Each structure stands twice: as C-alpha cells, then as structure tokens.
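Analysis of the macromolecular model
So you can see what is in the structure, the chains are spelled out below.
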Amino acid sequence: MKVGVLALQGDFAEHKNILENLGVDVVEIRLPQHLIELDGLVIPGGESTTIGKLAVEYGLMEPMKQFGKDKAVWGTCAGAIFLSKDVHRQQPLLGLMDITIERNAFGRQVASFETELDIPVLEKISPGGGLFHAVFIRAPLIKSVEKEAKILATLPDGRIVAAQQGKLLVTSFHPELTSDDRFHQYFLSLADQ
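Criteria and thresholds
Residues numbered from 1 in each chain as written. Predicted model: local features only at pLDDT ≥ 70, side-chain atom pairs only at ≥ 80, totals over all residues. Heavy atoms only, no water. Helix = DSSP H or I, 4+ residues; strand = E, 2+ residues; numbered from the N terminus. Rg over C-alpha atoms; globule rule 2.2 N^0.38 Å. Contact = heavy atoms within 4.5 Å. Areas by Shrake-Rupley, 256 points an atom, 1.4 Å probe, with all protein chains shown as cover. Lys, Arg positive; Asp, Glu negative; His and termini not counted. Charge placed at Lys NZ, Arg CZ, Asp CG, Glu CD. Phe/Tyr/Trp six-rings, centres within 6.5 Å; stacked < 30°, edge-to-face > 60°. Core = buried A, V, L, I, M, F, W, Y, C linked by side-chain atoms within 4.5 Å. Buried < 20%, exposed > 50% of the residue type's maximum accessible area, 1.4 Å probe, protein only. Salt bridge = Lys/Arg side-chain N within 4 Å of Asp/Glu carboxyl O. Polar contact = N/O pair within 3.5 Å; in protein donor to acceptor, adjacent residues only side chain to side chain.

Secondary structure summary: the protein chain contains five helices and twelve strands in total. For the protein chain, the C-alpha radius of gyration of 15 Å lies close to 16 Å, the compact-globule estimate for 193 residues. Referenced to the eigenvectors of the C-alpha coordinate spread, the extents of the protein chain come out at roughly 40 × 40 × 35 Å. Restricting the contact set of the protein chain to residue pairs at least 6 apart, pairs at least 24 apart contribute 64%. Total accessible area on the protein chain is roughly 8,400 Å²; 47% of this is exposed by carbon and sulfur atoms. Taking the average location of the 19 positive side-chain charges in the protein chain and that of its 25 negative ones, the two points are 6 Å from each other.

Next up, the structure:
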C-alpha cells in the first residue's frame, strides 16, 4: 500500500512514522504529481489557513479534490478543517465532506487537553481494544454532519470529534501523537477498499 502525507506544514512526520511502522510505503506530498498512484492521503494537523494557502500556491487544490472523490483521505485537526465544506469564514477548503467545523472550538493553546474516547468503529481493527486516548490541541469541533457523513466519536457531552463519509475520515484530535495506531489502521482499511 502506498499512502501520501501532505507535507506542506504541520505534523506530517508523526503520521509518516506511524504509517511506515505499519509497513506502508509513504510519500511526502508537496506537488500535484506526488498524488499519482497513491491509495490514500493524510492531511495532518497544523494551521489550516497556512495549509490552504500553500496548497493553492503549489497547485494542489484541484488535484486533491479529484483524488478525494475516489480515494481515502484522512484529515486530523487542521486537516479536518481543510476537508470540510464550511468553517464560517473565508479560507481555502477542499469541501469534500458534508460537515461544518468550528475552528479552535476549545480555546487557545493553554486550553488543550487529553481524554479517553469510546470509538466503536475501532472495534473492527482491535476487538476489545478499549478506549482511545485522544490529544486535542487548539482543536476544531465538528458542529454538524449532513447527507452521507456519519458521526464516529463524540465527547461525553455529545460534541462531535470524529466523522466519516465513505472513504473520507476526519478527527478533531491527533492520533499521530499517541502510541495507539488503531486510527491509522482504520484509515488503511478504508484505503484498501
């Protein structure tokens, strides 16, 4: 399997390391031609406006939109923002998922937190694997899911923090900052369909 990690800005190296440890051939994506012959694409956390501006500058917007129509794409934190259709402000978005995102929904950097989440879909990867340790850093919140999008995980108060639409996956948190690779395995299962 060959997976790309968008390497314009953000924590792409952490995703790359986990995927390589799972035996995946990983390509750092910086130009449109790097998307050729990939099974999936990870858009990492970072700063969504910067990622969007750089994607526009390097001619990646339309190629990534086309890629995401047929292939698996996973956005974590800023990547989730980038995949959404609406963030209630002007910025470059791929607009592939029928979700609305609220940027920095939990406050500033000092309001970052970690918690344990029950994510039933991960049972497919590791039956009895237990709760998933989620790291939230200036995290966005998925305000709504519509049409084909479905909720994968919520906080105990019901706020949405992970969603899926076909082969498209978003998480408000950073699975790449933990030693638990179940989310990466789940993404690979989508890329392998």
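Moving on to the packing of aromatic side chains. Scanning the entire structure with this criterion turns up seven aromatic pairs. Residues Trp 74 and Phe 187 carry aromatic rings whose centres are separated by 5.7 Å and whose planes lie at 35° to one another, so their mutual orientation is tilted. One end of the pair, Trp 74, is in strand β4 (residues 72-76); the other, Phe 187, is in helix α5 (residues 182-191), and 113 residues separate them in sequence. A ring pair is formed by Phe 136 and Phe 173, whose centres lie 5.5 Å apart and whose planes are at 55°; its orientation type is tilted. With a gap of 37 residues between them, Phe 136 in strand β8 (residues 132-136) and Phe 173 in the loop between β12 (168-171) and α5 connect regions that are remote in the sequence.

Taken as a class, soluble globular proteins show a tendency for nonpolar side chains to be buried jointly. Ile 119, Phe 136, Phe 173 and Phe 183 are the most contacted members of the largest nonpolar core, which totals 33 residues. Elements with a minimum of two residues in this core: β1 (2-6), α1 (12-21), β4, β8, β10 (150-154), β11 (160-165) and α5. When near neighbours in sequence (up to four residues on either side) are disregarded, Ile 119 contacts Phe 132, Leu 152, Ala 153, Phe 173 and Phe 183. Within the second largest apolar cluster, 32 residues are counted, among which are Leu 6, Ile 29, Ile 43 and Phe 67.

Moving on, we come to the pattern of salt bridges. In this structure the tally under the stated criterion is six salt bridges. Across the salt bridge formed by Glu 28 and Lys 16, the nearest N and O atoms sit 3.1 Å from each other. Taken together, the positions of Glu 28 in strand β2 (residues 25-29) and Lys 16 in helix α1 put the pair twelve residues apart, joining distant regions of the chain. Overall, the relative accessible area of 25% leaves Glu 28 in the partly exposed class. Where Glu 28 meets Arg 30, a salt bridge forms, and the shortest distance between an N and an O atom there is 2.7 Å. Salt bridges sharing common partners tie together Lys 16, Glu 28 and Arg 30.

Of note, Ser 189 is situated in helix α5. Since its relative accessible area comes to 28%, Ser 189 is described here as partly exposed. Distance from Ser 189 to Phe 136, taken between C-alpha atoms, is 24 Å for residues 53 residues apart in sequence.

Its place among the elements puts Thr 178 in the loop between β12 and α5. Within polar-contact distance, the side chain of Thr 178 engages the backbone oxygen of Pro 175 at 3.0 Å. At 3.2 Å, the side chain of Thr 178 and the backbone nitrogen of Asp 180 are in polar contact. Aside from chain neighbours lying at most four places away, what touches Thr 178 is Ile 18, Phe 132, His 133 and Val 135.

Bear in mind that shape data such as this cannot, by itself, settle questions of function.
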